[in-house]
Amino acid sequence: MSQQQASPVILCFSGHDPVGGAGIQADIEAIAAQGAHAATVITALTVQDTQNVQRIEPLSVETLREVAGAVLDDLPVAAFKIGLLGSAGIASAIATIIRAHSGIPLVLDPVLAAGSGKDLGDDALLRVIRDELLPLTTLLTPNSPEARRLSGEENLDTAACQLLGMGCRHVLITGTHEQTRGIHNTLYDATGQQVFESERLPGEYHGSGCTLAASLAAHLALGEDIIPACRQALTYTEHCLRHARSPGRGQSLPTRLGQFPRQD
Ligand code: PLP
């Protein structure tokens, strides 16, 4: 049996979060928990704690290209996952790398703000996401504020239509930020839409979006179709949040490793 079938490789482009809630650590843990392997290109270091992001220091574009090239020359990458990008230059370099590997699914988590509200994406970065990355994206996973900001539309159905029109194949808009009793996560594509409901949990979590996007990438790499992949990844993420710990002064950290039931 080939290694790829046994444990598919997901190449993650994400930032480093030193408290281990979000970013690359979330990716590694969430992907390992699905039975897949994370290869990692760190786009940026961040100075942050569980309360706030103070500063981002992006990697140089040259080093990013070299690191990604080393992985892609060696490992059989079965899916890409993108999180925090750090700069428009890095985003554009990643788009060039992914364009050269067409046919490999891409999950794009458009990280535009920290949980504390700090802006993590300027206008130049937004333009590269819209113009260069969305046309390469299999599944875009914005939360509702990110969907509105990327599309310029207030209504989420209209926002999803705009985003699909910019070239991504599927959009999963998470509904945590909406004022609804339960949470409505909605998957949109050319065939229509499907709502996945989940219970609203008390508290705030650091890295919930990263956990979801990384586990989605793993399920796609494992060969699952988009709807079962969404169902599995949303169920897994909810379990991680239910078992979250609060070691710091701010947001809770998801517990991603352990025994989690599948949703069949
Ligand atoms: N990636 C990094 C490195 C971050 O610092 C953050 C938020 O601070 C995120 C991603 C997004 O985190 P979340 O999954 O909570 O939206």
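None of the values given here were measured: they were computed from a predicted structure.

Rules used throughout
Residues numbered from 1 in each chain as written. Predicted model: local features only at pLDDT ≥ 70, side-chain atom pairs only at ≥ 80, totals over all residues. Heavy atoms only, no water. Helix = DSSP H or I, 4+ residues; strand = E, 2+ residues; numbered from the N terminus. Rg over C-alpha atoms; globule rule 2.2 N^0.38 Å. Buried < 20%, exposed > 50% of the residue type's maximum accessible area, 1.4 Å probe, protein only. Contact = heavy atoms within 4.5 Å. Pairing = 2+ DSSP bridges. Axes fitted to C-alpha atoms, helices over the stretch in contact; angles between N-to-C directions. Near = heavy atom within 4 Å. Polar contact = N/O pair within 3.5 Å; in protein donor to acceptor, adjacent residues only side chain to side chain. Areas by Shrake-Rupley, 256 points an atom, 1.4 Å probe, with all protein chains shown as cover. Right-handed = clockwise from strand over helix to strand, strands pointing away. Disulfide = S-S within 2.5 Å. Parallel < 35°, antiparallel > 145°, perpendicular 65-115°, else oblique. Left-handed = near helix turned anticlockwise from the far one by under 90°. Nonpolar A, V, L, I, M, F, W, Y, C, P; charged D, E, K, R; others polar. Core = buried A, V, L, I, M, F, W, Y, C linked by side-chain atoms within 4.5 Å.

A. Examining the overall build of the protein more closely. Along the backbone of the protein there are nine helices and nine strands. For 264 residues, the compact-globule estimate of 2.2 N^0.38 gives 18 Å, and the protein sits close to it at 17 Å. Seen through its C-alpha atoms, the protein measures out along the principal axes to roughly 45 × 45 × 45 Å. Counting every position in the protein, which comprises 264 residues, the buried fraction comes to 51%. Taking the intrachain contacts of the protein between residues at least 6 apart in sequence as the baseline, contacts between residues at least 24 apart amount to 68%.

B. Geometry of the sheet that holds strand β4 (residues 77–82). Taken together, nine strands build an open sheet; the order of strands is β3-β2-β1-β4-β5-β6-β7-β8-β9 and the sheet is mixed. One side of each edge strand has no neighbouring strand; the edge strands of this open sheet are β3 (53–58) and β9 (192–198). Relative to strand β6 (residues 139–140), strand β5 (residues 106–108) is paired through two bridges, and the arrangement is parallel. Bridge pairing in β6 places Val107 opposite Leu139. Running at roughly 155° to strand β1 (residues 9–16), helix α2 (residues 23–33) makes contact with β1, β2 (37–48) and β4 of the sheet. Across the sheet, helix α3 (residues 61–74) is in contact with β1, β2 and β4; its angle to β2 comes to roughly 160°.

C. The site of the ligand, seen in detail. Around the ligand, the structure places 13 residues, and the nearest of them are Gln48, Gly207, Ser208, Gly209 and Cys210. At a separation of 2.5 Å, an oxygen atom of the ligand approaches a polar side-chain atom of Gln48. At a separation of 3.0 Å, an oxygen atom of the ligand approaches a polar backbone atom of Cys210. Considered on its own, the ligand offers 400 Å² of accessible surface; in the complex 93% of this is hidden by protein. The greatest single-element share of the shell around the ligand, amounting to three residues, is contributed by helix α8 (residues 208–221).

D. Structural view of the environment of Ala159. Along the polypeptide, Ala159 turns up in helix α7 (residues 156–165). Ala159 sits ten residues away from Arg149 along the chain, and the two C-alpha atoms are 9.0 Å apart. Every residue in contact with Ala159, bar those within four places of it in the chain, is listed here: Ala147, Ser151 and Glu153.

E. Geometry of the pairing of β4. Among the six residues in β4, six count as buried, and that is most of the element. In this sheet, β5 lies alongside β4 in parallel orientation, the contact comprising three bridges. Within β5, the residue paired with Phe80 across the bridge is Leu106. In this region the chain leaves β4, passes through helix α4 (residues 88–99) and returns to the parallel neighbour β5; the handedness of that crossover is right-handed.

F. A look at the state of the cysteines. The final tally for this structure, using the stated rule, is zero disulfides. A disulfide-free cysteine, Cys161 has its sulfur positioned 11 Å from the sulfur of Cys168, the nearest such atom.

G. Representation of the pairing of β1. A large share of β1 lies buried, amounting to seven of its eight residues. Across seven bridges, the pairing between β1 and β2 is parallel. The partner of Cys12 across the bridge, within β2, is Thr40. In this view, the connection linking β1 to its parallel neighbour β2 by way of α2 has right-handed handedness.

H. Spatial organisation of α2. Of all the positions in α2, only Gly23, Ile24, Ala26, Asp27, Glu29, Ala30 and Ile31 are classed as buried. Backbone geometry just after α2 places Gly35 at a positive phi near 85°.

I. Highlighting the packing of α3 against α4. Look at α3 against α4: their axes get within 10 Å of each other, and the N-to-C directions meet at 30°. The pairing of α3 with α4 is recorded here as roughly parallel in orientation. The crossing of α3 and α4 is right-handed. For the pair α3 and α4, the contacting residues are Val61, Leu64, Arg65, Ala68 and Leu72 in the first and Gly89, Ile90, Ala93, Ile94 and Ile97 in the second. Classifying every residue of the contact of α3 with α4 by side-chain character gives eight nonpolar, one polar and one charged.

J. Structural detail: the nonpolar core. Counting residues in hydrophobic clusters, the biggest one holds 41 residues, and the most contacted among them are Leu11, Phe13, Phe80, Ile82 and Ile129. Looking at this core, the element that brings in the most residues is α4, giving eight residues. Each residue touching Ile82, except ones within four places of it in the same chain, is listed here: Phe13, Ile94, Ile98, Leu106, Val107, Leu108, Asp109 and Leu133. Listed in part, the 29 residues of the second largest apolar core include Leu139, Ala217, Ile226 and Tyr236.

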